[in-house]
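Each chain, letter by letter, is given below.
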Amino acid sequence: MLVVKNARVATMTSAQALPGDGPLGFIEDGAVAMENERIVYVGPSSGAPAGETLDAGGRLVTPGLVDPHTHLVFAGDRAHEYAQRIAGASYLEIARAGGGIRSTVRATRAASDEELIECATKRLRRMLASGVTTVEVKTGYGLTVADELRMLRIAQQAGAAAGCEVVPTLLGLHALPEGLSREAWIRQVCEELLPAAAHAGARGCDAFCEEGAFTRDECSRALSAGQALGLAAHLHADQLSDSGGAALAASLGCASADHLERTSTAGIAAMASAGTAAVLLPLAAWFLRDTPAGAKPFLDAGVTVALGSNLNPGSQRMESVSLLLGAGCLFCGLTPAQSLWACTRGAARALGLDDRGVLEPGRRADLVLWDCKDAAHLPYHAGVEHALTVIARGIVVANRESACN
Ligand code: NIG
């Protein structure tokens, strides 16, 4: 039995991202005890069971963070596109000129399994050491049946190597592969790739609904095929234009709609009725010099709000948990407590995972001891990492003497 004592325990037991400190569900001078990968006690330190003790010294303890949107298996570098964008080119212009997603597809196909596993493992290890214990990883840079399945396998192998739980998602409709008709690729995705991916351990399916990517009908076909195989559906929706993506995600019963920079009020209302979570990606909007989605209309409508990093080589290459929490506050208008809730309970819900994101008996023993007492310190002192001790499934997987000051 491992027992973390003398902590400010942010349980996240509030079912919604309430205003102020509401969502944190604090227990002062609290303890969390765990055994066999599960939490067995959360309450005052004075009532904690006996066991190997970790004294938190009055610091903040939260659930392990969940990142519900990444594209972190890739090869190559698109720093030159970053420079082009700063000089005024748009994301779509760069893509139309042969750059963008397709350039990463070429680099990823050319890389060996070993290279891809090594890069992805390094990224996952950095995330884990920063407090992220569950990471959703999308395919989408393979774009043949064999290359997409290879990406899925590499995501799983990198997760195992890093000691971080990877939730793999098949993103076949990310871009149209060169040399194939739209209909031919969509049929391959629906008839061959999704069944093979579900068999190989994919837990979700996704599609990029956008002008220059895929239409609502095409996305609907692929996501329905994935759902019929038991996969949780997600949709890249309304990022560059209001393409009715949020409403489509809601009508399909998607677990989440992601991006949402240009979602209409009607789209938000549809998400609220369907229980589709909003995964906001403010670092991507900043990276693309776009306007991030504000959280308020989603919160006011009763939509679950989650934050994701969207780590990928083209539209978001910043790796920092504290920066993401800060972007949630500065760009989306969340309070520091809501930002933390959106990276834990909200993000777990967006992936359909109800066994984590909350500190309660019976849930997974994924938690983080932070080198601060106040949740607001994390977004306030953004750009450095604050996780002191990271525990995944009841085991200490990262430990530092001091994280920052
Ligand atoms: O979520 N929008 C589509 N997919 C990624 C970008 C991927 C890339 O540019 O390589 C995103 O932003």
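Quantities reported herein were computed from a predicted structural model and do not represent experimental measurements.

Some points on the sheet that holds strand β7 (residues 132-138)
Reasoning step 1: Taken together, eight strands build an open sheet; the order of strands is β6-β7-β8-β9-β10-β11-β12-β13 and the sheet is parallel. Either end of the sheet is taken by a strand with one partner, and the two such strands are β6 (65-67) and β13 (305-307). Neighbour to neighbour, the strand axes of the sheet diverge by 25° on average, direction disregarded.
Reasoning step 2: Pairing between strand β10 (residues 232-237) and strand β11 (residues 256-259): four bridges, direction parallel. The partner of His234 across the bridge, within β11, is Ser256.
Reasoning step 3: Across the sheet, helix α4 (residues 113-129) is in contact with β6, β7 and β8 (165-173); its angle to β7 comes to roughly 145°.

Comments concerning the side chain of Ser130
Reasoning step 1: On the secondary structure map, Ser130 appears in the loop between α4 and β7.
Reasoning step 2: Note on Ser130: relative accessible area 9%, which makes it buried.
Reasoning step 3: At a separation of 2.7 Å, a polar atom in the side chain of Ser130 contacts the main-chain carbonyl oxygen of Arg126.
Reasoning step 4: If near-sequence neighbours (up to four positions away) are discounted, Ser130 is found in contact with Val321, Trp370, Glu385 and Ala387.

A closer look at the site of the ligand
Reasoning step 1: Near the ligand you find 15 residues, and of these Arg78, Tyr91, Tyr141, His174 and Ser315 are the closest.
Reasoning step 2: Here an oxygen atom of the ligand and a side-chain polar atom of Tyr91 are 2.5 Å apart.
Reasoning step 3: Between the ligand and Tyr141, the relevant distance is 2.6 Å, taken from an oxygen atom to a side-chain nitrogen or oxygen of the residue.
Reasoning step 4: Surface burial for the ligand is 100%, taken as the share of its 330 Å² of free accessible area covered by protein chains.
Reasoning step 5: Of the residues contributing to the shell around the ligand, the split by class is four nonpolar, ten polar and one charged.

Examining helix α9 (residues 265-274)
Reasoning step 1: For α9, the complete set of buried residues consists of Gly267, Ile268 and Met271. Along the axis of α9, the buried residues cluster in a sector spanning 100°; they form a single face. Relative to its buried face, α9 has exposed residues pointing more than 90 degrees away, namely Thr265, Ala266 and Ser273.
Reasoning step 2: Where α9 is buried, its residues contact α8 (245-252), β11, β12 (277-280) and α11 (296-301).
Reasoning step 3: Gly275 sits one or two residues past α9 and shows a positive phi near 75°.

Focus: a nonpolar patch on the surface
Reasoning step 1: A cluster of nonpolar side chains, contributed by Trp286, Leu330 and Phe331, occupies part of the molecular surface with about 340 Å² of accessible area.
Reasoning step 2: Residue position: Leu330 is located in helix α12 (residues 321-330).
Reasoning step 3: Look at Leu330 and you get exposed, because its relative accessible area is 73%.

Brief notes about the packing of aromatic side chains
Each aromatic ring pair is described using two quantities: the centre-to-centre distance and the angle formed by the ring planes.
Reasoning step 1: Enumeration over the complete set of coordinates arrives at two aromatic pairs.
Reasoning step 2: Ring centres 5.1 Å apart and planes at 50° place the aromatic pair Tyr82 and Phe287 in the tilted group. Of the two residues, Tyr82 sits in helix α1 (residues 79-86) while Phe287 sits in helix α10 (residues 282-287), which places them 205 residues apart along the sequence.
Reasoning step 3: When the centroid spacing of 5.5 Å and the interplanar angle of 55° are considered together, the rings of Trp286 and Phe331 count as tilted. On the criterion of sequence distance, the pair formed by Trp286 in helix α10 and Phe331 in the loop between α12 and α13 (336-342) is long-range, its members being 45 residues apart.
Reasoning step 4: If you follow Arg8 out to its NZ or CZ, it ends over the ring of Phe26, 4.2 Å from the centre.
Reasoning step 5: If you follow Arg123 out to its NZ or CZ, it ends over the ring of Phe74, 3.7 Å from the centre.

Brief notes about the nonpolar core
Reasoning step 1: Membership of the largest hydrophobic core comes to 100 residues, with the highest contact counts inside it found for Leu72, Leu235, Leu260, Leu280, Phe298 and Trp370.
Reasoning step 2: The contacts of Leu235, once residues within four sequence positions are left out, are Asp206, Ala207, Cys209, Cys219, Leu223, Gly245, Leu248, Ala249, Ser256, Ala257 and Asp258.

Structural notes on the environment of Ser251
Reasoning step 1: Structurally, the position occupied by Ser251 is in helix α8.
Reasoning step 2: The exposed category is assigned to Ser251, whose relative accessible area is 59%.
Reasoning step 3: Sequence-wise, Ser251 and Val384 are 133 residues apart; in three dimensions their C-alpha atoms are separated by 40 Å.

Observations regarding the environment of Gly22
Reasoning step 1: Along the polypeptide, Gly22 turns up in the loop between β1 (2-10) and β2 (26-35).
Reasoning step 2: Among the residues examined, Gly22 registers a relative accessible area of 35% and is labelled partly exposed.
Reasoning step 3: Put simply, Gly22 and Ala198 are 176 residues apart on the chain and 38 Å apart in space, counted from C-alpha to C-alpha.

Conventions and cut-offs
- Residues numbered from 1 in each chain as written.
- Predicted model: local features only at pLDDT ≥ 70, side-chain atom pairs only at ≥ 80, totals over all residues.
- Heavy atoms only, no water.
- Pairing = 2+ DSSP bridges.
- Helix = DSSP H or I, 4+ residues; strand = E, 2+ residues; numbered from the N terminus.
- Axes fitted to C-alpha atoms, helices over the stretch in contact; angles between N-to-C directions.
- Contact = heavy atoms within 4.5 Å.
- Buried < 20%, exposed > 50% of the residue type's maximum accessible area, 1.4 Å probe, protein only.
- Polar contact = N/O pair within 3.5 Å; in protein donor to acceptor, adjacent residues only side chain to side chain.
- Near = heavy atom within 4 Å.
- Areas by Shrake-Rupley, 256 points an atom, 1.4 Å probe, with all protein chains shown as cover.
- Nonpolar A, V, L, I, M, F, W, Y, C, P; charged D, E, K, R; others polar.
- Arc of directions from axis to C-beta.
- Patch = residues over 30% accessible without salt bridge, like charges linked within 9 Å, V, L, I, M, F, W, Y side chains within 5 Å.
- Salt bridge = Lys/Arg side-chain N within 4 Å of Asp/Glu carboxyl O.
- Phe/Tyr/Trp six-rings, centres within 6.5 Å; stacked < 30°, edge-to-face > 60°.
- Lys NZ or Arg CZ within 6 Å of the ring centre and 35° of its normal.
- Core = buried A, V, L, I, M, F, W, Y, C linked by side-chain atoms within 4.5 Å.

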